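The primary structure of each chain is shown beneath.
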Amino acid sequence: MTSRIHSPHTTCPHCKEEVYLDELVGGRCPLCGQSLEGAEEQSELFDDLLERSDLSWLVFQYFLYKRLENLGANPLQIMQLVSRYEEQLASGNEEDEPSEIMLDISMSIIDHLRLKTCHECKKRFLRGGKKKICGNIRLNDFQFAFFCPSCGQ
């Protein structure tokens, strides 16, 4: 038996039982046989919701989140990036899409010990600074970049 948590359902006004809309027999309750007046309206509303939900967008969000989380980005920053990206797409300005990203991540022990080169000023430094994920969402190209204490502010 499968779970029907997300299936559209209503409560029959006559027998007060929960009835799933796909079980209706000619618009009538399968338990008591009485007509359900609002059932057709609810099924139309559910169909509209299904048309608006974009499964491909949800899959994109999941895999982008998973990829950036595996690289070490903060989940809150990732969700803010995804919501900003969604707002930009909803506004309709395709040339303003934020395809370039830069997210802060924490340095590992090895990163603290090795000599790093600043991504902006190309100066070499050993202590301090920040590590970030830089890349392009459209190209799925992400790389790590280090910023010296003076450029990382």
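Rules used in this analysis
Residues numbered from 1 in each chain as written. Predicted model: local features only at pLDDT ≥ 70, side-chain atom pairs only at ≥ 80, totals over all residues. Heavy atoms only, no water. Helix = DSSP H or I, 4+ residues; strand = E, 2+ residues; numbered from the N terminus. Buried < 20%, exposed > 50% of the residue type's maximum accessible area, 1.4 Å probe, protein only. Contact = heavy atoms within 4.5 Å. Axes fitted to C-alpha atoms, helices over the stretch in contact; angles between N-to-C directions. Left-handed = near helix turned anticlockwise from the far one by under 90°. Nonpolar A, V, L, I, M, F, W, Y, C, P; charged D, E, K, R; others polar. Phe/Tyr/Trp six-rings, centres within 6.5 Å; stacked < 30°, edge-to-face > 60°. Lys NZ or Arg CZ within 6 Å of the ring centre and 35° of its normal. Expected span 1.5 Å × (residues − 1). Arc of directions from axis to C-beta.

K.L.:
Even after reading the chapter, I still don't get the overall build of the protein chain, so can you show me in this structure?
P.N.:
Helix and strand counts for the protein chain stand at four helices and seven strands. Start at the N end of the protein chain and walk to the C end: the helices and strands fall as β-β-α-α-α-β-α-β-β-β-β. Looking at the protein chain as a whole, 27% of its 153 residues are labelled buried. If you take every contact in the protein chain between residues at least 6 apart in sequence, the share linking residues at least 24 apart comes to 44%.

K.L.:
Is there a simple way to think about the packing of helix α2 (residues 55-71) against helix α3 (residues 75-91) in this case?
P.N.:
Axes are the key here: two packed helices are described by the angle between their axes and the distance separating the axes. Their axes nearest at 10 Å, the elements α2 and α3 cross at an angle of 145°. Pair α2 / α3 crosses with right-handed handedness. Note on element contacts: α3 touches α2 through Pro75, Ile78, Met79, Leu81, Val82, Tyr85, Glu86 and Leu89, opposite Trp57, Phe60, Gln61, Leu64, Tyr65, Leu68 and Glu69. Among the residues forming the contact of α2 with α3, the class breakdown is 12 nonpolar, one polar and two charged.

K.L.:
I keep staring at the environment of Gln143 and nothing clicks. Help me out?
P.N.:
Within the secondary structure, Gln143 sits in strand β7 (residues 141-147). Sequence separation between Gln143 and Lys132 is 11 residues; the distance between their C-alpha atoms is 8.3 Å. Apart from residues no more than four positions distant in its own chain, Gln143 is found in contact with Lys132, Ile133 and Cys134.

K.L.:
Which parts of the structure should I look at to understand the packing of aromatic side chains?
P.N.:
Enumeration over the complete set of coordinates arrives at one aromatic pair. Sitting over the ring of Phe144, Lys131 keeps its end group 4.5 Å from the ring centre. One cation-aromatic arrangement involves Lys132 over Phe147; the distance from NZ or CZ to the ring centre is 5.2 Å.

K.L.:
Is there a simple way to explain α2 in this structure?
P.N.:
Because the α-helix completes a turn every 3.6 residues, residues three or four places apart line up on one side. With 17 residues, α2 extends 25 Å between its outermost C-alpha atoms, agreeing within 8% with the 24 Å of an ideal straight helix rising 1.5 Å per residue. Taken together, the buried positions of α2 are occupied by Trp57, Gln61, Leu64 and Leu68. One face of α2 carries all of its buried residues, which in axial projection span an arc of 70°. Counted as exposed and oriented over 90 degrees from the buried face of α2: Leu55, Ser56, Phe63 and Asn70. Gly72, located one to two residues past α2, shows a positive phi value of around 110°.

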